[in-house]
Amino acid sequence: MTKPVVLIAEELSPATLDALGPDFEVRHVDGADRSALLPALTDVDAVLIRSATKIDAEALAAARNLKVVARAGVGLDNVDVPAATKAGVMVVNAPTSNITSAAELAVGLLLACARNIAPANEALRNGAWKRSKYGGVELLDKKVGVVGFGRIGQLVAERLKGFGVEILAYDPYVSVQRAGQLGARLVTLDELLAESDFITIHLPKTPETMGLIGKEALTKVKPSVRVINAARGGVLDEEALAAAIAEGRVAGAGLDVFATEPCTDSPLFAHESVVVTPHLGASTEEAQEKAGVAVARSVRLALGGDLVPDAVNVAGGAVAEEVRPGIDLVEKLGRVFTAFAGSVPVQLDVEVRGEITSHDVSVWELSALKGLFTDVTEDPVTYVNAPLLAKERGCESRLVTDEVSEDFRNVTTLHGTLADGTTLSVSGTLTGPKMVQKLIGINSYDLEIPISTHMAFFAYEDRPGVIGVVGKLLGDADVNIAGMQVSRDDDVGKALVALTVDSLIPADVIAAIEKEIGAETVRVVDLV
């Protein structure tokens, strides 16, 4: 059996290879060398990169088999995520790999600013002993304003509490109660600017945050304030900061990130009270190893057909263990739906009922869409591009949940409305300790038959002798019946026979059954 091919385009830790395991063919290339990268991508299933390899539309076009782009780090500036999504390629990163390293560096920059460590070090190395010039300030009883109280901001606050500081936090997405639980006082941005002795920035770079700490904000601070940015360049206006320091309106700063990188020339570099580092937030052995291991695990999940919590272009996120067995079931229900409908619905309701709704089952909507399109398009359908395919084909979907399920502990029904106004429902469930996948309903027909690789359905006028005819024709064709169930709709005098068989049913045999029993509906479902 051919192993999936994983291309490693940049240097990663040995632990990354260990986390991949023996199930893949691993190749290496210098991702920064475009002439080497593009041909190397031709037949790979996954590519692991850091920051030097650019995966754009051209690279994606060259990688016809590509299923996953894995960035061993946080940022994705070198990956064209929209183009990858359109191509059905999952993009994953390692969002928590560097949070401890980034938080520790922010604390280090803050301490370096407070005690003038960088200029004192340089002076002494140049033969000058300047104790009086480089006096600093203590952190004890000072106020530290944390702008952005997410994971890294909280880690910084946690570490600084040991210095006896008061933490002020600004974050419009954090409640007063949550901030209080973490030992911080939630304030407005203006309050934070006015009261803080130190300000440390931990915001993502978005259109809303660009230049947030700029000229106007820096008119509201104490002249003794020191500003730290180890988050993203551009959130802090570097020119405005340099002017404020030059004019004595800000005492100092510590920066690890810049609006344009690499940055080797800045008006900030002229000030001894500014300590700078070349974007070292994630540059620890531990962070690099965590990032490599995290994306290696994501690659294993993705190539195994599972959803990946760290995928940035797939809805759903983390999936509870109780929810995971239903993913494959719902995908198969989607394929059965399409086989019966013969077209894509204009509206699909994914109705989930029962105890399972105590968990987040939103991933099942995604699974249903993946199954819906698997057999109706030549393009590969993935968890990534299924929503795009639905949008392009005019299929709206929604998730409906209800904690009450009358006949089974949990039931999932795909209820769709077709373009001609007709409706179709397909229901399924998981039963027993082995979580057996069962089809339990198609429209008004009640069933309970295990879902199999090869299935066939015949609807006909209910009358004696039909089952014998079906069995004989299949037997004559050497097709073994694994399971059979007949369901009746007495209101209209119709019956539906559902079959699971051990092999494909030849087309001529299907045609013969249709003719002999006068079938009104014939549907064959092969879930290979």
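Up top is the structure these notes are about.
For the structure given in this document, a descriptive report is provided here. All values reported here derive from a predicted model rather than from experimental measurement.

The rules behind the values
- Residues numbered from 1 in each chain as written.
- Predicted model: local features only at pLDDT ≥ 70, side-chain atom pairs only at ≥ 80, totals over all residues.
- Heavy atoms only, no water.
- Buried < 20%, exposed > 50% of the residue type's maximum accessible area, 1.4 Å probe, protein only.
- Helix = DSSP H or I, 4+ residues; strand = E, 2+ residues; numbered from the N terminus.
- Pairing = 2+ DSSP bridges.
- Right-handed = clockwise from strand over helix to strand, strands pointing away.
- Phe/Tyr/Trp six-rings, centres within 6.5 Å; stacked < 30°, edge-to-face > 60°.
- Arc of directions from axis to C-beta.
- Contact = heavy atoms within 4.5 Å.
- Axes fitted to C-alpha atoms, helices over the stretch in contact; angles between N-to-C directions.
- Patch = residues over 30% accessible without salt bridge, like charges linked within 9 Å, V, L, I, M, F, W, Y side chains within 5 Å.
- Areas by Shrake-Rupley, 256 points an atom, 1.4 Å probe, with all protein chains shown as cover.
- Salt bridge = Lys/Arg side-chain N within 4 Å of Asp/Glu carboxyl O.
- Lys, Arg positive; Asp, Glu negative; His and termini not counted.
- Charge placed at Lys NZ, Arg CZ, Asp CG, Glu CD.
- Polar contact = N/O pair within 3.5 Å; in protein donor to acceptor, adjacent residues only side chain to side chain.
- Core = buried A, V, L, I, M, F, W, Y, C linked by side-chain atoms within 4.5 Å.
- Parallel < 35°, antiparallel > 145°, perpendicular 65-115°, else oblique.
- Left-handed = near helix turned anticlockwise from the far one by under 90°.
- Nonpolar A, V, L, I, M, F, W, Y, C, P; charged D, E, K, R; others polar.

Another aspect to go through is the pairing of strand 10 (residues 226–229). Here strand 10 shows no split at all, with Arg 226 and Ile 228 on one side and Val 227 and Asn 229 on the other all buried. Note: strand 9 (residues 198–201) against strand 10, four bridges, orientation parallel. If you follow Phe 198 over to strand 10, its bridge partner there is Arg 226. Each parallel crossover has a hand, and the one from strand 10 via helix 10 (residues 238–246) to strand 11 (residues 252–255) is right-handed.

Within the structure shown, the criterion is met by two aromatic pairs. With 6.2 Å between their ring centres and 90° between their planes, Phe 258 and Phe 269 make a pair best called edge-to-face. Within this pair, whereas Phe 258 is found in the loop between strand 11 and strand 12 (274–276), its partner Phe 269 is found in the loop between strand 11 and strand 12, the two being separated by 11 residues in sequence. Plain terms: the ring middles of Phe 340 and Phe 457 are 5.1 Å apart, the flat faces sit at 65° to each other, and that makes the pair edge-to-face.

Further remarks concern helix 16 (residues 507–517). Those residues of helix 16 that sit buried are Val 509, Ile 510, Ile 513 and Ile 517. Viewed end-on, helix 16 has its buried residues packed into an arc of 105°, placing them on one side of the element. Residues Ala 507, Asp 508 and Lys 515 are exposed on helix 16 and point more than 90 degrees away from its buried face. The secondary structure elements touched by the buried residues of helix 16 are strand 19 (454–461), helix 15 (466–476) and strand 22 (521–526). Just downstream of helix 16 lies Gly 518, where phi reads positive at about 65°.

Attention shifts here to the pairing of strand 18 (residues 445–450). The side-chain alternation of strand 18 yields one buried face, formed by Tyr 445, Leu 447 and Ile 449, and one unburied face, formed by Asp 446, Glu 448 and Pro 450. Pairing geometry for strand 17 (residues 436–442) and strand 18, over four bridges, is antiparallel. Across the sheet, residue Lys 438 finds its bridge partner in strand 18, namely Pro 450.

This brings us to the sheet that holds strand 15 (residues 410–417). Strand order across the open sheet formed by six strands is 14-13-15-16-17-18, with mixed pairing between neighbours. Either end of the sheet is taken by a strand with one partner, and the two such strands are strand 14 (396–402) and strand 18. Pairs of neighbouring strands in the sheet enclose a mean axial angle of 20°, with direction left out of account. Set on the sheet, helix 12 (residues 325–341) makes contact with strand 13 (347–354), strand 15, strand 16 (423–431) and strand 17; between it and strand 16 the angle comes to about 150°. Strands in contact with helix 13 (residues 363–374) are strand 13, strand 14 and strand 15; relative to strand 13, the strand with the most contacts, it is inclined by about 135°.

Strand order in the open sheet made by the five strands is 2-1-3-4-5, with parallel pairing throughout. Each edge of the open sheet carries a strand with a single partner, namely strand 2 (25–28) and strand 5 (90–92). Averaged over all adjacent pairs, the angle separating strand axes in this sheet is 20°, with direction ignored. In the sheet, strand 1 (residues 5–8) pairs with strand 2 via four bridges, with the strands oriented parallel.

There is a patch of like negative charges on the surface, built from Asp 18, Glu 104, Glu 285, Glu 286 and Glu 289. At three residues, helix 11 (residues 285–303) tops the list of elements feeding residues into the negative patch.

Among the surface-exposed residues, Ile 467, Met 484 and Val 486 lie close enough to one another that they form a single nonpolar patch of about 200 Å² accessible area. For Val 486, the position within the fold is in strand 20 (residues 481–489).

Right, let's talk about the side chain of Asn 93 for a bit. Examined against the element boundaries, Asn 93 turns out to sit in the loop between strand 5 and helix 5 (99–115). Looking at Asn 93, its side chain comes within polar contact range of the main-chain oxygen of Val 74, at 2.8 Å. When neighbours within four sequence positions are excluded, Asn 93 is seen to be in contact with Arg 71, Gly 73, Val 74, Leu 76, Val 295, Asp 310 and Val 312.

A few words on the nonpolar core. One finds Phe 337, Leu 348, Trp 364, Phe 373, Leu 439 and Phe 457 to be the most contacted residues of the largest nonpolar core, which totals 69 residues. Of all the elements, helix 12 adds the most residues to this core, at eight residues. Setting aside chain neighbours within four positions, we find Leu 348 in contact with Phe 337, Ala 368, Leu 369, Leu 372, Cys 395, Glu 396, Ser 397, Arg 398, Leu 414, His 415 and Gly 416.

Two elements in contact, helix 15 and helix 16, have axes separated by 10 Å at closest approach and are oriented at 160°. Taken together, the axes of helix 15 and helix 16 are roughly antiparallel relative to one another. For the element pair helix 15 and helix 16, the recorded crossing hand is right-handed. On helix 16, the residues that touch Val 466, Val 469, Val 470, Leu 473 and Leu 474 of helix 15 are Val 509, Ala 512, Ile 513, Glu 516 and Ile 517. Looking at the contact of helix 15 with helix 16 residue by residue, the class counts come to nine nonpolar, no polar and one charged.

Moving on to unusual backbone geometry. In this structure, Pro 262 follows Glu 261 across a cis peptide bond, with omega equal to 0°. Its place among the elements puts Pro 262 in the loop between strand 11 and strand 12. Phi angles above zero are rare outside glycine, and His 279 is one such case at about 55°. One non-glycine residue with positive phi stands out, namely Met 435, at about 55°.

So, on to the side chain of Ser 367. Inspection of the secondary structure assignment puts Ser 367 in helix 13. A relative accessible area of 0% places Ser 367 in the buried class. Beyond its immediate sequence surroundings of up to four residues, Ser 367 is in contact with Ile 327, Val 330, Glu 331 and Tyr 383.

Where helix 12 meets helix 13, the axes come as close as 7 Å, and the angle between the chain directions of the two elements is 40°. Here helix 12 is positioned oblique relative to helix 13, judged by the angle of their axes. Every pair of crossing elements has a handedness; the one defined by helix 12 and helix 13 is right-handed. Across the interface between the two elements, Gly 326, Ile 327, Val 330, Glu 331, Gly 334, Arg 335, Phe 337 and Thr 338 of helix 12 pack against Val 363, Trp 364, Ser 367, Ala 368, Lys 370, Gly 371, Leu 372 and Thr 374 of helix 13. Across the contact of helix 12 with helix 13, the residue classes tally to seven nonpolar, six polar and three charged.

Further remarks concern the pattern of salt bridges. On inspection of all chains with the given rule, the structure shows 27 salt bridges. Close ionic contact of Asp 56 with Arg 34 constitutes a salt bridge, the shortest N to O distance being 2.5 Å. Residue Asp 56 is located in the loop between strand 3 (46–49) and helix 3 (57–62), and its partner Arg 34 is located in helix 2 (residues 34–40); the two are separated by 22 residues in the primary sequence. A relative accessible area of 25% means that Arg 34 is categorised as partly exposed. Linking Asp 328 and Lys 332 is a salt bridge whose minimum nitrogen-to-oxygen distance equals 3.2 Å. Pair noted here: Asp 328 and Lys 332 are both in helix 12, with a separation of four residues, about one helical turn. Classification of Asp 328 as partly exposed rests on a relative accessible area of 35%. Taken together, the salt bridges that share partners define one network made up of Lys 143, Glu 166, Arg 185 and Glu 195.

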